[in-house]
Amino acid sequence: MTPSEAWTALDAAAEAASETRIAELFTLEPERLQRLTVAAPGLTLDLSKQSWTLAGLDATLDLARASDVEGARAALYGGRPVNTSEGRAVLHMALRAPPEDGFEAQGRPVMGEVEAVRQAMRRFAGEVRSGAARGATGKPFRAVLHIGIGGSDLGPRLLWDSLKPLKPEIDLRFVANVDGSEFALATADLDPAETLVVIVSKTFSTQETLANAEAARAWLSDTLGAEGARAHLAAVSSALDKTSAFGIASDRVFGFWDWVGGRYSLWSAVSLSVAIALGWEAFAALHAGARTMDAHFRDTPLERNAPVLLALAQIFNRDGLDRRARSVVPYAHRLRRLPAFLQQLEMESNGKRVGVDGRPVGRATAPVVFGDEGANVQHAYFQQMHQGPDVVPLEFVAVREPMDGPADMHRKLLANAIAQAEALMVGRSEAEVRDELAAKGMAPAEIDILAPQKTFPGDRPSTTILLDRLDAQTLGALIALYEHKTFVEGVIWGINSFDQWGVELGKTLAGRVLVELEGGPAGDHDPSTATMIGRLKG
Ligand code: F6P
């Protein structure tokens, strides 16, 4: 089957599926629950409340085969330059692999350098935690200030929020934005003499990060002097010339490579500050968990492969049924940053309309991803999920075991997650609402007005991902699940998931506008932009 034939079959299957309500499919398809429930490392994936029929599932599997997902996966693992526009291999799996694995980037073995940085990082993290590495005044480090943005921020923040102990030995703070408020709030109660600043930037040329790095250096220098400040700086970057020019001692610089994309980099030294604050064991467990998902993705047939099925459900919704958004809702306070992490992972990877061949993809690609923690969202935007004009597929992420607090609270949280998925699918018919209102004695004319407003259309699809528990291992598996899912979608859409040209134009223009805000000559702008610049200068 050619990809074009597979797309045509998918469209037909989606049209057919839209004629039957999801809830009815459980009766019509006795194998539905079994085929659409997958056990993967650390989690269970339930795709049975999605809109697809089993014929629809088969159509997406045919599409995956026609798109040679398996060949693309082999190319990825084989270190071939799958980031075609930049001519780079993509090997974040190597960052969590044991040293004996044979990963190669375009034929060049990488595990030697991966292991060297890993050991340097482990040593340094251990020294900071034990107090063997100290600041300029001889005090041990009690706080780490992590400076970075995008992929140099979102992953480490997710790790820390998810796993941080209730009483951390090291106080880890993050600063991302080029907004003095964030820096001021993060450092207001920190003592520079007890703070290690870790500057994380793959390119070491990101404006926001460099501005914060300079602010941090000044903050340290005010108390410790310029030379003293140096003892409080560390960096993570693939631009070692730039970290050295910034004045960071070479034994405090931890490298990574061009085959690690920013949004796939949390497995590298990018998470140095988290490894310091959580301890090495947790970081190693994160890697171990991701490895189990890597093996699952690499070795499991497509029809039982969790990342593949998660990707196919999205493709069915986006391309088959024109659903333009997806909401990810972790029912776990500790996972509340997962939606923000996924926004970068999925939208920076696959938010593209041109394929690897430079031609329009011709199909819809990444939906808008948004979300926040449940149950809070039920009291915020879920009204629209249940009764709004558009169908937005939901993704519930729940955790079987409570991590903190009493079991009865956790049961309430889980009850809400399960009930929402059920309510979205089943809905509440107008006839039922009418009967209820009539039983209460409401007049028919009033019922005519109120019943439609109280009706839930239902048939709104959702996926549930149930983690066995929330720990470093399952978190590693969960993040790797989403990484591989994103890759599979990119392959099927024929786009390069590993570049991000779309972020460049704004950066260039911001540089030009800044020159003008600082008194430079006026540039050539549209009237709205020119007036706004004038307003800010005036
Ligand atoms: O602007 C987008 C981006 O390049 C992301 O891809 C990246 O994660 C982020 O900026 C930060 O980049 P760096 O680590 O080079 O500072």
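Since we're looking at a predicted model, the values are computed, not measured.

Asks: How should I be thinking about the overall build of the protein in this particular structure?
Replies: Assigned secondary structure in the protein consists of 22 helices and 13 strands. For a compact globule of 538 residues, the expected C-alpha radius of gyration is about 24 Å, and the protein comes in at 25 Å, within 12% of that figure. Seen along its three principal axes, the alpha-carbon backbone of the protein occupies a region of about 80 × 60 × 55 Å. Looking at the protein residue by residue over its 538 residues, the buried ones come to 51%. Restricting to contacts in the protein with at least 6 residues of sequence separation, those with at least 24 account for 74%.

Asks: What should I look at first to understand the site of the ligand in this one?
Replies: Looking at the ligand, there are 14 residues lining it, with Gly-151, Ser-152, Ser-201, Thr-203 and Thr-206 nearest. The contact in question runs from an oxygen atom of the ligand to an N or O atom on the side chain of Gln-344, over 3.2 Å. Note that an oxygen atom of the ligand is positioned 3.0 Å from one of the side-chain N or O atoms of Lys-507. Look at the ligand: alone it shows 390 Å² of surface, and the protein chains cover 88% of it. Using a 2 Å cut-off from the grid points, one finds that the ligand occupies the largest pocket. Grouping the amino acids of the shell around the ligand by side-chain chemistry returns two nonpolar, nine polar and three charged.

Asks: Where do I start with the packing of aromatic side chains in this structure?
Replies: A full pass over the atoms with the stated rule returns 15 aromatic pairs. An angle of 65 degrees between the planes, with centres 5.5 Å apart, marks the rings of Tyr-381 and Phe-382 as edge-to-face. Overall, the relative accessible area of 2% leaves Phe-382 in the buried class. Linked through ring pairs, Tyr-77, Phe-103, Tyr-264, Phe-297, Phe-487 and Phe-498 together constitute an aromatic cluster. The residue whose ring lies beneath Arg-32 is Phe-26, and the NZ or CZ to ring-centre distance is 5.4 Å. The lysine or arginine in question, Arg-217, covers the ring of Phe-246, its NZ or CZ lying 3.9 Å from the ring centre.

Asks: Mind showing me how you'd approach the packing of helix α1 (residues 3-17) against helix α14 (residues 306-320) here?
Replies: Each pair of packed helices gets described by two things: the angle between the helix axes and the distance between those axes. Contact pair α1 / α14: the axes reach a minimum separation of 10 Å and the direction vectors enclose 85 degrees. One way to sum up the angle between α1 and α14 is to call them roughly perpendicular. Seen from α1, the contacting residues are Trp-7, Leu-10, Asp-11, Ala-13, Ala-14 and Ala-17; seen from α14, they are Ile-315, Phe-316, Asp-319 and Gly-320. Within the contact of α1 with α14, the residues separate by chemical class into seven nonpolar, one polar and two charged.

Asks: So what exactly am I meant to see when it comes to the sheet that holds strand β11 (residues 368-370) here?
Replies: By definition, the strands of a sheet pair up through backbone hydrogen bonds, in either a parallel or an antiparallel sense. Taking strand neighbours across the sheet as the criterion, the six strands line up as β1-β2-β13-β12-β10-β11 in an open arrangement whose pairing is mixed. At either margin of the open sheet sits one strand with a lone partner, and together these are β1 (37-40) and β11. Neighbouring strand axes in the sheet, compared pairwise and without regard to direction, differ in orientation by 15 degrees on average. Where helix α15 (residues 338-350) meets the sheet, it contacts β10 (325-330), β11 and β12 (394-399), and its direction lies at approximately 145 degrees from that of β10. Most of the contacts of helix α17 (residues 407-426) go to β12, to which it runs at about 160 degrees, and overall it touches β12 and β13 (462-467).

Asks: Any chance you could explain the pattern of salt bridges here in plain terms?
Replies: A side chain of one charge can pair with a side chain of the opposite charge if their charged atoms are brought near each other. What the rule picks out here adds up to 39 salt bridges. A salt bridge links Arg-35 to Asp-58; the nearest nitrogen and oxygen atoms lie 2.8 Å apart. Taken together, the residues span a long stretch of sequence, with Arg-35 in helix α3 (residues 32-35) and Asp-58 in helix α4 (residues 54-66) at a distance of 23 residues. In this structure, the salt-bridge partner of Glu-436 is Lys-440, at a minimum N-O distance of 3.7 Å. Assessed through its relative accessible area of 29%, Glu-436 is described here as partly exposed. On the basis of relative accessible area, Lys-440 is assigned to the exposed category, the value being 62%. Each of Arg-326, Glu-346, Glu-395, Lys-485 and Glu-489 takes part in a single network of salt bridges with overlapping partners.

Asks: Got a minute to help me understand the pairing of strand β2 (residues 43-46) in this structure?
Replies: Each regular strand shows side chains that alternate between the opposite faces of the sheet. Looking at chain direction, β1 and β2 are connected through four bridges and run antiparallel. Counterpart to Val-38 in the pairing with β2 is Leu-45. Where β1 folds back on β2, the antiparallel hairpin that results is connected by two residues, among which Gly-42 adopts a positive phi of roughly 80 degrees. Looking at chain direction, β2 and β13 are connected through four bridges and run antiparallel. Looking at β13, one finds that Leu-45 is bridged to Ile-465.

Asks: When you look at the pairing of strand β8 (residues 233-237) in this model, what are you seeing that I'm missing?
Replies: Across the five residues that make up β8, a large majority, five, are buried. Because side chains alternate across β8, one face comprises the buried residues Leu-233, Ala-235 and Ser-237, and the other comprises Ala-234 and Val-236, equally buried. With helix α10 (residues 207-230) bridging strand β7 (residues 195-200) and its parallel neighbour β8, the resulting β-α-β unit is right-handed. Where β8 and strand β9 (residues 253-255) come together, three bridges link them in parallel fashion. Directly across from Val-236, in β9, lies its bridge partner Phe-254. Following the backbone out of β8, through helix α11 (residues 240-245) and into the adjacent parallel β9, one traces a crossover that is right-handed.

Asks: Just checking my understanding: could you explain the side chain of Thr-455 for this structure?
Replies: Within the secondary structure, Thr-455 is located in the loop between α19 (444-454) and β13. Polar side-chain contacts of Thr-455 include one of 2.7 Å to the backbone oxygen of Ala-451. Setting aside chain neighbours within four positions, we find Thr-455 in contact with Gln-387, Arg-428, Ser-429, Glu-430 and Val-433.

Asks: Hey, could you run me through the side chain of His-92 in this one?
Replies: Positionally, His-92 belongs in helix α6 (residues 92-95). Apart from residues lying up to four places away in sequence, His-92 is in contact with Trp-259, Tyr-264, Trp-267, Glu-483 and Phe-498.

Rules and cut-offs
- Residues numbered from 1 in each chain as written.
- Predicted model: local features only at pLDDT ≥ 70, side-chain atom pairs only at ≥ 80, totals over all residues.
- Heavy atoms only, no water.
- Helix = DSSP H or I, 4+ residues; strand = E, 2+ residues; numbered from the N terminus.
- Rg over C-alpha atoms; globule rule 2.2 N^0.38 Å.
- Buried < 20%, exposed > 50% of the residue type's maximum accessible area, 1.4 Å probe, protein only.
- Contact = heavy atoms within 4.5 Å.
- Near = heavy atom within 4 Å.
- Polar contact = N/O pair within 3.5 Å; in protein donor to acceptor, adjacent residues only side chain to side chain.
- Areas by Shrake-Rupley, 256 points an atom, 1.4 Å probe, with all protein chains shown as cover.
- 1 Å grid on protein atoms, 1.4 Å probe; cavity = no way out; pocket = protein on both sides within 12 Å on 5 of 7 lines; lining within 4 Å.
- Sits in = over half its atoms within 2 Å of the grid points.
- Nonpolar A, V, L, I, M, F, W, Y, C, P; charged D, E, K, R; others polar.
- Phe/Tyr/Trp six-rings, centres within 6.5 Å; stacked < 30°, edge-to-face > 60°.
- Lys NZ or Arg CZ within 6 Å of the ring centre and 35° of its normal.
- Axes fitted to C-alpha atoms, helices over the stretch in contact; angles between N-to-C directions.
- Parallel < 35°, antiparallel > 145°, perpendicular 65-115°, else oblique.
- Pairing = 2+ DSSP bridges.
- Salt bridge = Lys/Arg side-chain N within 4 Å of Asp/Glu carboxyl O.
- Right-handed = clockwise from strand over helix to strand, strands pointing away.

Nothing here speaks to function; it is geometry throughout.
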